[in-house]
Amino acid sequence: MPSTTASPQTGRMLTVVALVPVLVALALWAFAWPAARTAPRDLPLGVAGPAAAAAPVQRQLEQREGAFDIHRYADEAAARAAIEDRSVYGAVVVTERGPKLLTASAASPVVAQLLQQAVAERAPEGARVTAVDVVPAPRADPRGSALGSSVLPLAIAGVAAGSLVTLRGLRGARAAATLVLAAALVGVVAAALAHSWLGILTGDWWTEAGVLGLTALAIASAVAGCAALLGPAGIGAGALLMVLLGNPFSGVTSAPQLLPEPVGFIGQLLPPGAGGSLLRSVAFFDGAAATGPAVTLAVWAALGLGAVLLGARRGQPAPGTGAPTVARDAVPVG
């Protein structure tokens, strides 16, 4: 007589066999496709100098249609201020001795190198391009590889915190408080490693710890919130969103403007990308351009914690109701 469990077991096997290639294809698309299509797309770049001398330089840069978003500045001082404010990644200053390139490797070493190549290719024959790094990357991480590698551990820590809170059965206010405390500890530990030990962050220590903690909280609360509303499947959905999409779409290893559209835009709306941008701002640029990513992280954290609290209320019985009572037969006396 055939086993009654054969059919369900076969169905589960087929589901796993079909699901694994789909996940592999999705992972390859999310990680490999943006990396293989890296190129400047409306990359903010400044051109400074007298209008008559700067106009030909601007036309040459605009020949690469869609590559650069040109901003004009009167002089080198204005261009430097724009770089320090994170309005542009660099600037070409037209001088009597030839073009002078201002970069900020702290914003993106990849972009700084790309700009050097682009300006050198378009410089007049025999002209020497002088490059000045206005906001250099820290000596401990000149290529930005260590900072870029910090996004995935933060995403994993956030997913782990959100998953553990759910699996341990914490709900409501207790779950929210646990997420906040865990994220705060993550921020302190991460700042101690990245700033105090590795030296890849050079800003205010406590501000960096706050950014790292807020990033972890946004990710953890999103995962826990999905689980509170969707059940255990919400953990998987949150993990896929934060790790499989949030990490490669973040643009931390290069720049959002180097990723295919709309990947760079989407990445900045997710906590890993917003957290990476905010961390650069507070670590190297004295908080310049920090408002946007800070608001993004705060919104994710608020929505996630709100979902955790809402999920707990949905699981409670309505006021005035309780477990049904069992009627007992009357027992005669005497």
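Because the structure is predicted, anything quoted here is derived from the model rather than measured.

Reading the values: rules and limits
- Residues numbered from 1 in each chain as written.
- Predicted model: local features only at pLDDT ≥ 70, side-chain atom pairs only at ≥ 80, totals over all residues.
- Heavy atoms only, no water.
- Patch = residues over 30% accessible without salt bridge, like charges linked within 9 Å, V, L, I, M, F, W, Y side chains within 5 Å.
- Areas by Shrake-Rupley, 256 points an atom, 1.4 Å probe, with all protein chains shown as cover.
- Salt bridge = Lys/Arg side-chain N within 4 Å of Asp/Glu carboxyl O.
- Helix = DSSP H or I, 4+ residues; strand = E, 2+ residues; numbered from the N terminus.
- Pairing = 2+ DSSP bridges.
- Axes fitted to C-alpha atoms, helices over the stretch in contact; angles between N-to-C directions.
- Contact = heavy atoms within 4.5 Å.
- Buried < 20%, exposed > 50% of the residue type's maximum accessible area, 1.4 Å probe, protein only.
- Core = buried A, V, L, I, M, F, W, Y, C linked by side-chain atoms within 4.5 Å.
- Right-handed = clockwise from strand over helix to strand, strands pointing away.
- Parallel < 35°, antiparallel > 145°, perpendicular 65-115°, else oblique.
- Left-handed = near helix turned anticlockwise from the far one by under 90°.
- Nonpolar A, V, L, I, M, F, W, Y, C, P; charged D, E, K, R; others polar.

Enquirer: Go over a nonpolar patch on the surface with me, naming the residues and quoting the values.
Expert: There is a patch of nonpolar side chains on the surface, built from Leu19, Val22, Leu23, Leu26, Trp29 and Leu240 and spanning about 500 Å² of accessible area. If you tally residues by element for the nonpolar patch, the top one is helix H1 (residues 6-36), at five residues.

Enquirer: Got a sec to walk through the sheet that holds strand S3 (residues 90-95)? Specific residues and values, please.
Expert: In space, the five strands of this open sheet follow the order S2-S1-S3-S4-S5, with mixed pairing throughout. The open sheet has two edge strands with one neighbour each: strand S2 (68-73) and strand S5 (130-133). Between one strand and the next, the sheet's axes are offset by a mean angle of 25°, whatever the strand orientation. Where S3 meets strand S4 (residues 98-103), six bridges bridge the pair, whose relative direction is antiparallel. By the bridge assignment, Thr95 is partnered in S4 with Gly98. Taken strand by strand, helix H2 (residues 51-62) contacts strand S1 (43-48), S2 and S3, and its axis lies near 175° from that of S2.

Enquirer: Which residues make up the side chain of Ser281, and what values do they have?
Expert: Topologically, Ser281 is positioned in helix H11 (residues 271-284). Ser281 gets classed as buried once you look at its relative accessible area, which sits at 0%. Discounting chain neighbours no more than four positions away, the residues touching Ser281 are Arg86, Asp286, Gly287, Ala288, Ala289 and Ala290.

Enquirer: Can you tell me about the nonpolar core, naming the residues and giving the values?
Expert: By size, the foremost hydrophobic cluster in this structure holds 55 residues, and its most contacted members are Leu61, Phe68, Leu115, Leu201, Phe284 and Phe285. Considering every element that reaches this core, the biggest residue donor is H11, with six residues. For Leu61, the residues in contact, after removing those within four places along its chain, are Leu45, Val47, Phe68, Ile70, Val92 and Arg122. Counting residues in each nonpolar core, the second largest holds 12 residues, with Ala183, Ala216, Ala224 and Leu305 among its members.

Enquirer: Lay out the environment of Gly199 in plain terms, naming residues and giving numbers.
Expert: For Gly199, the position within the fold is in the loop between helix H7 (172-197) and helix H8 (205-230). Using a relative accessible area of 23% as the deciding quantity, one classes Gly199 as partly exposed. Each C-alpha atom of the pair Gly199 and Arg139 lies 8.2 Å from the other, and the pair is 60 residues apart in sequence. Other than its neighbours up to four places away in sequence, Gly199 contacts Pro138, Ala140 and Ala194.

Enquirer: Give me unusual backbone geometry: which residues, what numbers.
Expert: Omega for the bond connecting Glu261 with Pro262 falls within 30 degrees of zero, at 0°, which places this linkage in the cis form. Relative to the elements of secondary structure, Pro262 occurs in the loop between helix H9 (233-245) and helix H10 (263-269). Unusually for a residue other than glycine, Asp286 sits at a positive phi of about 55°. Tracing the sequence through the fold places Asp286 in the loop between H11 and helix H12 (291-314). For Ala289, which is not glycine, the phi torsion reads 55° and is therefore positive. Topologically, Ala289 is positioned in the loop between H11 and H12.

Enquirer: Tell me about the pairing of S1, and please be specific about residues and values.
Expert: Burial analysis of S1 places six of its six residues in the buried class, the great majority of the element. On S1, burial covers both faces: Leu43, Leu45 and Val47 on one face and Pro44, Gly46 and Ala48 on the other are all buried. Bridging between S1 and S2 involves six bridges; their strand directions are parallel. Directly across from Val47, in S2, lies its bridge partner Arg72. Read from S1 through H2 to S2, the crossover connection turns out right-handed.

Enquirer: Which residues make up the packing of helix H6 (residues 151-167) against H8, and what values go with them?
Expert: Between H6 and H8, the shortest axis-to-axis distance is 7 Å and the interhelical angle comes to 40°. Classified by the angle between their axes, H6 and H8 sit oblique to one another. The way H6 lies across H8 gives a crossing that is right-handed. Across the interface between the two elements, Leu154, Ala155, Gly158, Val159, Ala161, Gly162, Ser163 and Thr166 of H6 pack against Leu212, Thr215, Ala216, Ile219, Ala220, Val223, Ala224 and Ala227 of H8. Residues of the contact of H6 with H8, tallied by class, amount to 11 nonpolar, five polar and no charged.

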